[in-house]
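If you want the building blocks of each chain, they are given just below.
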Protein chains: 2
Amino acid sequence: MPTGTLIVEAVRQAGLDLNIPCGGQGRCGRCAVLVDNRQAVRSRSELRLSQEDRAAGYVLACQTVLEGDVTVTIPPQERIERRLVTDRIATKVTLPFVYDPKQHQPMQLMALTLDPPSMDDQTDDWSRLKRAMALQHGISELTIDLPTLRKLGTTLREANWMVTAVVELDTWDRPQGPPRLVDVVPGHATNHLWGAAVDVGTTTVSLYLVDLLSGEIAAQAAEYNAQIKRGEDVISRIIYASRNGNLQEMQALVVDTINQILERACGRAGIRPSEVYKMTVAGNSTMIHLLLGLPANSIRLEPFITTINQPPPVQAAELGIAIHPQAHVDCLPGVASYVGADIPAGILGSQMCESKTVALFLDIGTNGEMVLGDCDWLVSCACSAGPAFEGAGVRDGMRATVGAIEEVWINSQTYEPTYRVIPDPKLEAQGQPTPPRGICGSGLISLLAEMFITGVIDKAGNLNFDMGSPRIRRGEHGPEYVVAWGSETAHGRDIAITKVDIDNLIRAKAAIYAGFTVMARSVGTDLSTVERVLVGGSFGQYINVEKAIQIGLLPDLPWEKFHFLGNTALKGALLALLHREFRHHLTTIAQKMTYLELSADNSFYEAFTSALFLPHTDLAHFPSVAEVLAARRNNPISRSVQGGS
Amino acid sequence: MPTGTLIVEAVRQAGLDLNIPCGGQGRCGRCAVLVDNRQAVRSRSELRLSQEDRAAGYVLACQTVLEGDVTVTIPPQERIERRLVTDRIATKVTLPFVYDPKQHQPMQLMALTLDPPSMDDQTDDWSRLKRAMALQHGISELTIDLPTLRKLGTTLREANWMVTAVVELDTWDRPQGPPRLVDVVPGHATNHLWGAAVDVGTTTVSLYLVDLLSGEIAAQAAEYNAQIKRGEDVISRIIYASRNGNLQEMQALVVDTINQILERACGRAGIRPSEVYKMTVAGNSTMIHLLLGLPANSIRLEPFITTINQPPPVQAAELGIAIHPQAHVDCLPGVASYVGADIPAGILGSQMCESKTVALFLDIGTNGEMVLGDCDWLVSCACSAGPAFEGAGVRDGMRATVGAIEEVWINSQTYEPTYRVIPDPKLEAQGQPTPPRGICGSGLISLLAEMFITGVIDKAGNLNFDMGSPRIRRGEHGPEYVVAWGSETAHGRDIAITKVDIDNLIRAKAAIYAGFTVMARSVGTDLSTVERVLVGGSFGQYINVEKAIQIGLLPDLPWEKFHFLGNTALKGALLALLHREFRHHLTTIAQKMTYLELSADNSFYEAFTSALFLPHTDLAHFPSVAEVLAARRNNPISRSVQGGS
């Protein structure tokens, strides 16, 4: 079996079956296997494995390639599944507090038994309900909205004066109340109270359907943001939305997406979307503006101003979101045009502020948003990295979907690549490989790093034509390296990375690294003081730290300092949904976060220029890369000595 | 000229012209003339004349009939007009306080000059506006609604950061604020701020368009409530509205009416309806429920319960009212199903609570609502008088429109009637009389009283067939008195009042009088302690006190104790619109008003039975009527001795 074969592939070739429920993307952790020789394998990611798992010799079969002889033991799948399912749920709902809905949750269910009216007691329905609320729940003030008032009399009578009040005690902008009657439902129905936490990403919208009585996630769902068809990145969406009438269309598109995943999640939980009485929403400033129907053009134009960073809660009916019409949709607070609500939510979700140690929080997508700080101070900035790491701005770039090359290894002797493609489940089911269609962000990072380490490109990104490899050639678009020949690909065309692509990627990574540098300098420190690197966002879930460091995208810190936290914005939205103190926390985080506008910062350009090399002009910042380079120089074939076949 | 000829008629017959701008309804007071012998004329109403006018010998030509020889002097119309126009405006805006918009008015205009954003100051638009508001107006807290937020960024930029904020500082249910930004308009436009006060009557909807900076009424308009086509009285409307889908239709009908008069008033003032930023609405509980789209069925069914007596302010857009969509529509507080918001508003408008003397407040329409009290206590009740006094439930009854007999005089010798018809302006312009089509409420009171005083009917309402008048006959529907022969009428049929009609009217007046009795008894007093009778509602404007006392509809008190105040509910809505203290006052009035449910009150039936005679079983309660009856007995032709021709 050739070096670089994925374990999951090798197992299949041996005629055995191994479940990979997430399609081999390393997301679910269910393909964990035992290896007897860790030195003979190389793992891209072990994030889904606990410390104990790793110590016991577990690796993820979909994330680990063979580099030597090794015995693989497949544990009883049931056991693994059960354990990891538990882990997975634990990951989802591990809260930094013991959830007490009575104490933490602003939404409450209150059973009420009203005295029926009589000729001796002609109190109006609303005053009668308020009287019962005061006597039975000690709530003396209560507000009501017109639609709720419109159903009040009928519900009270049909329910024979026994009802359950759905009450919102407070909101972030109204911490002292008064409580609001959001709904009144027949009978004493205090068993279920639902909420939803949403992250509106530029690419993906994700939702947790949450049981507000237990604090548990009942279902989750995610879907591409339907706005994609009107622009891949925020800038093109703003431009589209600023044309006549398009804002409403964009608003409707994202609402449709939310409603779609809401319905899917509710279907799984066996409830109706209208039973959801609260929604928190994280998202970048553009996403939040478009969701609220706010013109976003000023976000795009200098001096880059939002209409609002901390929107008031709005009723679902105002937006068209299909939860209960009077339920509040609470769009979480952002900081600036390019440090939106997803960042404070991510900080909250990552618990960055809970520690006195300095941490670096990253959310790399179209833009790279980053925060440096600890429990006392926070400084943030955003780099217009462009969508290079989402596969755009690169000729054969694509999003991380079926057919995308997501990992590349280059043989340091032959310069021949091995790659892994996000498989098509149908072809996979037939035991067929999925032909590649392009390269996604993680594939590009991996490719760039491998090219650099093997010497296919130099530190300036120039292709080395001296190597004599047919893959290094001058193509239509200038110098390029062929990753896959047309005979291997889905479309029959060669998949290659050009010098132009390489320059774009280097500029993108340089912008991000320059951001780190400027932030650290702004507080008079450097990146070596960083104790934890917290990587949020879905991109972070697929990133290969080693390779990201090798190209100078991530600072050169020990791997154990990197924590890949997945969708921290969604977790932040969940925390804000469950606990009013955490919601207030978010506001505090957003307020205390100092925003550095890099385009107005002279030192940024200097830092950017210094970073326009692989990994950096000053290799002293990247000691581990320097070491690898030195090793390669001394022993250029060291990487393949253990390659078995 | 025959006895009973109206002066306005006599003047016309003499070939002279006399302006009657309100069509001869005694509303405008512009037809005042001088008479040299007050004993030779009889005036129905002098309400539009001041004490001085009356002392000087002025009478209203449209309200005064000739009963003897008299010289009529028509004063220069210009002079009269000017004087009365001044009076009229004074009547409209006489406020019980000197209006200080800064101090009294919750709506405020605030000019703001914002610092334009820059790369050094990327504060979001909303925070920037709030910062200016704090610095320039000392307002540190402010809320905003989504639609206002949606236009904020565009308006600020288009207006080059100079705008006027339309701010609502507080509402009755949120007396401490926080202030709300209702709108933001370009430039420093602090010259105009508009509000509207509305009375939604079952029959008529009336509106004042109010300049909130000066407190003056800029225009007024009134129109029939378009709901009339779905039922003449509240009960039939509730029944109609309770059928499937009809509630929305009824809601839309009254909103259409409001929008129609709003547009008319705004047109006169030269503004757009969307420039109106606040509306207060008085109306009975059914009208308010239907306006808000609240099911009203429980109002009709025992135990007669409203959904809400004190609705929260709602935004105009929620109702479809065409003022500014985010403007608050404040439906004023009611007391019970049949003592709605029009009654506290009427009490406020009549200033009943400002005096220590006991007053009786009446609002007679479909129902008779009444309040007894002073500055310390208030007791109220409602009598299901039925719509008899609005012309319904009576064979030839009709509303007070063109062709309605509105006043009747019966010759005490011949028992021949003289009547006055509400004229058709077209016929009037041609010098033609308007043929009658029926009898309206004031005509019925007048007719009943004349029949009783002249002996055409006895105290039980039985017709006296011994008089030998061809007008007293047995018709299809039993005994009746013919008011107009078919040859005189518009439809060619005789217009008559039947015994059944008479019984209905006696029951209606008995219900109202019994209400007075029960209220007085409930507080251990009697009607003789009443110092003022405050008659609100449009019906009160046309009522003839003498005749109303003669049939026992009004208590027998000296005429000078009666004050006909017109639309006190509308005036109350005006006061609530202008002054936050008066708005709070209304809530206090509604709260302290004790409501007597007459259908649950045993003493009501007894009082009702005692009142089923003309004027009452116990004539001792009606000394002035007893005197008239005694005089008639002694000198049966005394009324016509002075009749000239």
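Within each chain, residues carry numbers counting from 1 in the order of the written sequence. The naming scheme follows written order: chains are lettered A onward, ligands numbered 1 onward. Given that this is a predicted model, residues contribute local features only at a pLDDT of at least 70 and side-chain atom pairs are listed and counted only at 80 or more, while totals for whole chains, interfaces and linings are drawn from all residues.

Undergrad: Give a description of the overall build of chain A that names residues and reports values.
TA: Across its full length, chain A carries 21 helices and 27 strands. As a reference, a globule follows 2.2 Å times the number of residues to the power 0.38, and the radius of gyration itself is taken over C-alpha atoms. Here the C-alpha radius of gyration of chain A, 27 Å, is about what a compact globule of 645 residues would show, namely 26 Å. Across its three principal directions, the C-alpha atoms of chain A cover 100 × 60 × 45 Å. Burial in this document is a count-based property: other C-beta atoms within 10 Å of a residue's C-beta are tallied, and the residue is buried at 20 or more, exposed at 12 or fewer, or partly exposed in between, with C-beta positions derived from the backbone. Put simply, chain A has 645 residues, and 52% of those count as buried. Remark: residues whose backbone-derived C-beta atoms lie within 7 Å of one another are considered to be in contact. Long-range pairs, those at least 24 residues apart, make up 69% of the contacts in chain A with a sequence separation of at least 6. A helix here means a DSSP run of H or I that spans at least four residues, while a strand means a run of E at least two residues long, and both kinds are numbered starting from the N terminus.

Undergrad: So what's going on with the domain arrangement of chain A? Which residues, and what values?
TA: All names here are of chain A. Bear in mind that the domain bounds are from an automatic or database domain assignment. As far as domains go, chain A holds domain 1 (7–93), domain 2 (101–186), domain 3 (197–331), domain 4 (344–387 + 506–627) and domain 5 (390–498). Taken residue by residue, the interface counts 13 residues in domain 2 and 12 residues in domain 3. Of all the elements in the fold, those that place two or more residues in the side of domain 2 that touches domain 3 are helix H6 (146–158), strand E8 (162–168) and strand E9 (180–186). The residue inventory of the side of domain 2 that touches domain 3, partitioned by class, reads 6 nonpolar, 3 polar and 4 charged. Basically, the charged four are Asp, Glu, Lys and Arg, the nonpolar ten are Ala, Val, Leu, Ile, Met, Phe, Trp, Tyr, Cys and Pro, and anything else, Gly included, counts as polar.

Undergrad: Can you lay out the interface of chain A and chain B for me, pointing to particular residues and giving the numbers?
TA: One frequently used descriptor of interface size is the decrease in accessible area upon assembly of the parts. Listed by partner, the interface residues are 35 residues for chain A and 35 residues for chain B. Going through the elements one at a time, helix H5 (125–137), strand E7 (143–144) and H6 of chain A are the ones with two or more residues in the side of chain A that touches chain B. Per element, the largest residue contribution to the side of chain A that touches chain B is 6 residues, and it comes from H6(A). In the side of chain A that touches chain B, the residues fall into 18 nonpolar, 11 polar and 6 charged.

Undergrad: Can you tell me about helix H6 (residues 146–158) of chain B, naming the residues and giving the values?
TA: Because the α-helix completes a turn every 3.6 residues, residues three or four places apart line up on one side. Expected span of a helix, by definition, is 1.5 Å for each gap between consecutive residues, and there is one gap fewer than residues. The terminal C-alpha atoms of H6(B) lie 19 Å apart, and with 13 residues this matches the ideal 18 Å at 1.5 Å per residue to within 8%. The bend at a residue is defined as the angle formed between two axes, one fitted to the seven residues ending at that residue and one fitted to the seven starting there. A bend of about 40° at B:Leu152 is the largest found in H6(B). Residues of H6(B) that are buried include every one of B:Thr148, B:Leu149, B:Leu152, B:Gly153 and B:Leu156, and no others. If you follow the buried residues of H6(B), they end up packed against helix H10 (297–300) of chain A together with helix H5 (125–137), strand E7 (143–144), strand E8 (162–168) and strand E9 (180–186) of chain B. Downstream of H6(B) by a residue or two, B:Asn160 has a phi angle that is positive, lying close to 55°.

Undergrad: Help me get a handle on the packing of helix H15 (residues 499–522) of chain B against helix H20 (residues 602–610) of chain B, residues and values and all.
TA: Residues and elements named next belong to chain B. Under this scheme, a helix contributes an axis fitted over its contacting stretch, all axes are lines through C-alpha atoms, and angles between N-to-C directions fall in the 0 to 180 degree range. As a packed pair, H15 and H20 sit with axes 8 Å apart at the nearest point and diverge in direction by 130°. Judged by the inter-axis angle, H15 sits oblique to H20. The handedness of the crossing between H15 and H20 comes out as right-handed. Where H15 abuts H20, its residues Ala-510, Ala-511, Ala-514, Thr-517, Val-518 and Arg-521 lie against Ser-603, Phe-604, Ala-607 and Phe-608. Among the residues making up the contact of H15 with H20, the classes are represented as 7 nonpolar, 2 polar and 1 charged. Working rule for angles: under 35 degrees goes down as roughly parallel, over 145 as roughly antiparallel, 65 to 115 as roughly perpendicular, anything else as oblique. Working rule for handedness: look at the near helix, and if it is turned counterclockwise from the far one by less than a right angle, call the crossing left-handed; if clockwise, right-handed.

Undergrad: Mind laying out the sheet that holds strand E25 (residues 532–536) of chain A, listing which residues take part and the relevant values?
TA: Residues and elements named next belong to chain A. The strand order E26-E25-E16-E17-E18-E27 describes an open sheet built from 6 strands, whose pairing is mixed. Of all the strands in the sheet, just strand E26 (562–566) and strand E27 (593–596) have a single pairing partner and so form its edges. Here the strands of the sheet are splayed against their neighbours by 20° on average, with no regard to which way each runs. Across the face of the sheet, helix H12 (residues 342–350) comes into contact with strand E16 (359–364), strand E17 (368–373), strand E18 (378–383), E25, E26 and E27 while running at roughly 130° to E16. Pairing between two strands requires that DSSP report at least two bridges joining them.

Undergrad: Just give me the short version of the confidence of the model for chain A, but keep the residues and values in it.
TA: Residues and elements named next belong to chain A. Scored by pLDDT, chain A comes out at a mean of 88, with 91% of its residues at no less than 70. Confidence of the predictor at the level of single residues is captured by pLDDT, which takes values from 0 to 100. In this model residues 77–91 is a low-confidence stretch, pLDDT under 50, and it forms 9 contacts with partners more than four residues away in sequence or in other chains. Contacts for the low-pLDDT stretch residues 637–645, under 50 throughout, to residues beyond four places or in other chains number 21 contacts. In the predicted assembly, ipTM is 0.83 and pTM is 0.83.

Undergrad: Help me get a handle on the pairing of strand E20 (residues 417–421) of chain A, residues and values and all.
TA: Residue and element names in this part refer to chain A. Counting buried positions along E20 yields 4 of 5 residues, so the element is predominantly enclosed. Looking at chain direction, strand E19 (residues 404–410) and E20 are connected through 5 bridges and run antiparallel. Counterpart to Glu-407 in the pairing with E20 is Arg-420. Connecting E19 to the next strand, E20, in antiparallel fashion are 6 residues, including Tyr-415 with a positive phi near 60°.

Undergrad: Got a sec to walk through the sheet that holds strand E1 (residues 32–35) of chain A? Specific residues and values, please.
TA: Residues and elements named next belong to chain A. If you trace the 3 strands from one edge of the open sheet to the other, you get E3-E1-E5, paired in antiparallel fashion. The open sheet has two free edges, formed respectively by strand E3 (58–60) and strand E5 (72–73), since each of these has just one partner strand. As defined by bridge partners, E1 adjoins E3 across 3 bridges and the pair is classed as antiparallel. The partner of Leu-34 across the bridge, within E3, is Tyr-58.

Undergrad: Break down the relation of the copies chain A and chain B for me, citing the residues and quoting the values.
TA: What sets the superposition is a least-squares fit of C-alpha atoms, and only residues with pLDDT of at least 70 in both copies go into it. Least-squares fitting of chain A to chain B yields an RMSD of 0.2 Å, with the transformation described by 0.1 Å of translation along the axis and a rotation of 180°. The symmetry that links the two subunits is that of a two-fold axis. Of every C-alpha in chain A, the one belonging to A:Glu318 sits nearest the axis of rotation, 5.5 Å from it. Here 100% of the contact residues of chain A are again contact residues in chain B; the copies associate through an equivalent surface.

Undergrad: Can you break down the nonpolar core residue by residue, with the values?
TA: To form a nonpolar core, buried Ala, Val, Leu, Ile, Met, Phe, Trp, Tyr and Cys residues must be joined through C-beta atoms within 7 Å. In this structure, A:Ala196, A:Val483, A:Ala573, B:Ala196, B:Val483 and B:Ala573 are the most contacted members of the largest nonpolar core, which totals 385 residues. Sequence-distant contacts of A:Ala196, that is, excluding residues within four places in its chain, are made with A:Leu207, A:Tyr208, A:Leu209, A:Val210, A:Leu262, A:Val276, A:Met279 and A:Ile323.

Undergrad: I'd like to hear about helix H9 (residues 285–292) of chain B, residue by residue, with values.
TA: Counting buried positions over the 8 residues of H9(B) gives 8, a clear majority of the element. Along H9(B), the residues classified as buried are B:Ser285, B:Thr286, B:Met287, B:Ile288, B:His289, B:Leu290, B:Leu291 and B:Leu292.

Undergrad: Describe in detail unusual backbone geometry, supporting the description with residues and values.
TA: A:Pro615 follows A:Leu614 through a cis peptide bond whose omega is -10°. By the secondary structure assignment, A:Pro615 is in the loop between helix H20 (602–610) and helix H21 (623–634). B:Glu302 connects to B:Pro303 through a cis peptide bond whose omega is 5°. Among the secondary structure elements, B:Pro303 is positioned in the loop between helix H10 (297–300) and strand E14 (314–315). Backbone geometry at A:Phe304 places phi at a positive 60°, although glycine is not the residue there. You can see A:Phe304 is positioned in the loop between H10 and strand E14 (314–315). Assessed through the 19 C-beta atoms surrounding it within 10 Å, A:Phe304 is described here as partly exposed.

Undergrad: So what's going on with the environment of B:Ile506? Residues and values would help.
TA: Locating B:Ile506 in the fold gives a position in helix H15. Setting aside residues up to four positions removed in sequence, B:Ile506 forms contacts with B:Gly461, B:Leu612 and B:Leu614.

Undergrad: Go over the environment of B:Cys353 with me, naming the residues and quoting the values.
TA: Residue and element names in this part refer to chain B. When you line up the elements, Cys-353 lands in the loop between helix H12 (342–350) and strand E16 (359–364). Between the C-alpha atom of Cys-353 and that of Asn-259, which follows or precedes it by 94 residues, the distance is 33 Å. Apart from the residues lying within four places of it in its own chain, the contact partners of Cys-353 are Ile-347, Cys-375 and Ile-589.

Undergrad: An account of the environment of B:Leu109 is requested, with residue identities and associated values reported.
TA: Residue and element names in this part refer to chain B. Within the secondary structure, Leu-109 sits in strand E6 (residues 107–113). Each C-alpha atom, one on Leu-109 and one on Leu-193, is 7.3 Å from the other, the two residues being 84 residues apart in sequence. Apart from residues lying up to four places away in sequence, Leu-109 is in contact with Thr-164, Val-166, Thr-190 and Leu-193.

Undergrad: Which residues make up the pairing of strand E13 (residues 276–283) of chain B, and what values go with them?
TA: Residue and element names in this part refer to chain B. The buried count for E13 comes to 8 of 8 residues, which makes it a mostly enclosed element. In terms of strand pairing, strand E10 (residues 194–200) meets E13 through 6 bridges, oriented parallel. By the bridge assignment, Trp-194 is partnered in E13 with Val-276.

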